[in-house]
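# Overview (structure and organization)
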Amino acid sequence: MSVVTIQAERQYEVHIDVEFKEALKSISKHREKIAFIFSENMRDQINDLKVGDAESFYFPVADSEAAKSTKTLLQLWDWLGAAGFTRSDLIVGIGGGAITDLAGFAAATWLRGIDWVAVPTTVAGMVDAAVGGKTGINSEYGKNLIGAFHSPQSVIIDLDWLSTLTDRDFAAGLAEVVKCGFIKDVEIINLLKGKSLKEIRQDRVLTTNLIERSIKVKGAVVSSDFKESFEREILNYGHTFGHAVEIDAKYSLRHGECVA
Ligand code: GLY
């Protein structure tokens, strides 16, 4: 287990290689209500999830980019209102980058900002989307055009989620890992060189190392330029073009595939 500390509008920690239910328990002490926002494909894993004494609310949403719409956000606001969520309650986003982007934005906008925790379940979510406090949804006019900087209280990385990913999703997420290698940490490229996807997936030590190194790259950049005034733009390496490809493909390709 390791911890990467991020300095954004306030300090928070990314906990790497922890059991997410255990980690959530200690993070969510003294909360009365917790809203779990997750992909409807994960109903079986999440539907009975209970953390400590808090009352649980389950908000399944469409998967992938379909989640990042005004329609889904309106639905979430209604759910939060009906459940009586106050500023002392907590939102937990569990899923890929689209889900944590959406959950974070719901948290940023409900009551002008309530606490949230990110539990990314994909490689791209772990090394990129869930870290750094960018939250948001898409607009007809482009990806991530509606959003807010609203850092989570914590990011919980449980590597057991990785076994739930298809090879395609795992490989797509590695694009963000390779990106971190190109922009800041060449050792990432050395670690990946000559390895097949199968070899990488089977090697937990290597996978953990790659994810940790990538989070350290992202954490350092975000800590020096949270609001993207100068250095943070480097994290968009491959993304300006990648977003255009995503839109042209009507989001039928994975984000990482488009970045790659
Ligand atoms: N995904 C790019 C950033 O967080 O700035």
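Notes on the structure in this doc start here. Because the structure is a prediction, the values reported are computed rather than measured.

Conventions adopted
Residues numbered from 1 in each chain as written. Predicted model: local features only at pLDDT ≥ 70, side-chain atom pairs only at ≥ 80, totals over all residues. Heavy atoms only, no water. Helix = DSSP H or I, 4+ residues; strand = E, 2+ residues; numbered from the N terminus. Contact = heavy atoms within 4.5 Å. Polar contact = N/O pair within 3.5 Å; in protein donor to acceptor, adjacent residues only side chain to side chain. Buried < 20%, exposed > 50% of the residue type's maximum accessible area, 1.4 Å probe, protein only. Near = heavy atom within 4 Å. Areas by Shrake-Rupley, 256 points an atom, 1.4 Å probe, with all protein chains shown as cover. Nonpolar A, V, L, I, M, F, W, Y, C, P; charged D, E, K, R; others polar.

What follows deals with the environment of Thr207. For Thr207, the location among the structural elements is in helix H9 (residues 204-224). In sequence terms Thr207 and Ala171 are 36 residues apart; their C-alpha atoms lie 12 Å from each other. Those residues within four positions of Thr207 in sequence are excluded, and the remaining contacts are Leu162, Phe170, Ile200 and Arg201. At a separation of 2.9 Å, a polar atom in the side chain of Thr207 contacts the main-chain carbonyl oxygen of Ile200.

Attention now goes to unusual backbone geometry. A positive phi angle, near 55 degrees, is found at Ser64, a position not held by glycine. Along the polypeptide, Ser64 turns up in the loop between strand E4 (55-61) and helix H3 (70-82). On the accessibility criterion, Ser64 (41% relative accessible area) is partly exposed. For Lys250, which is not a glycine, the phi torsion comes out positive at approximately 50 degrees. Mapped onto the elements, Lys250 comes out in the loop between helix H10 (239-248) and helix H11 (255-259). Look at Lys250 and you get exposed, because its relative accessible area is 71%.

Contacts to the ligand come from Asp128, Lys134, Lys218, Glu228, Arg232, Leu235 and Asn236. At 3.0 Å from a nitrogen atom of the ligand is found a side-chain nitrogen or oxygen belonging to Asp128. Side-chain polar atom of Lys218 to an oxygen atom of the ligand: 2.5 Å apart, as the coordinates give it. Taking 200 Å² as the accessible area of the ligand by itself, protein coverage stands at 90%. Of the residues contributing to the shell around the ligand, the split by class is one nonpolar, one polar and five charged.

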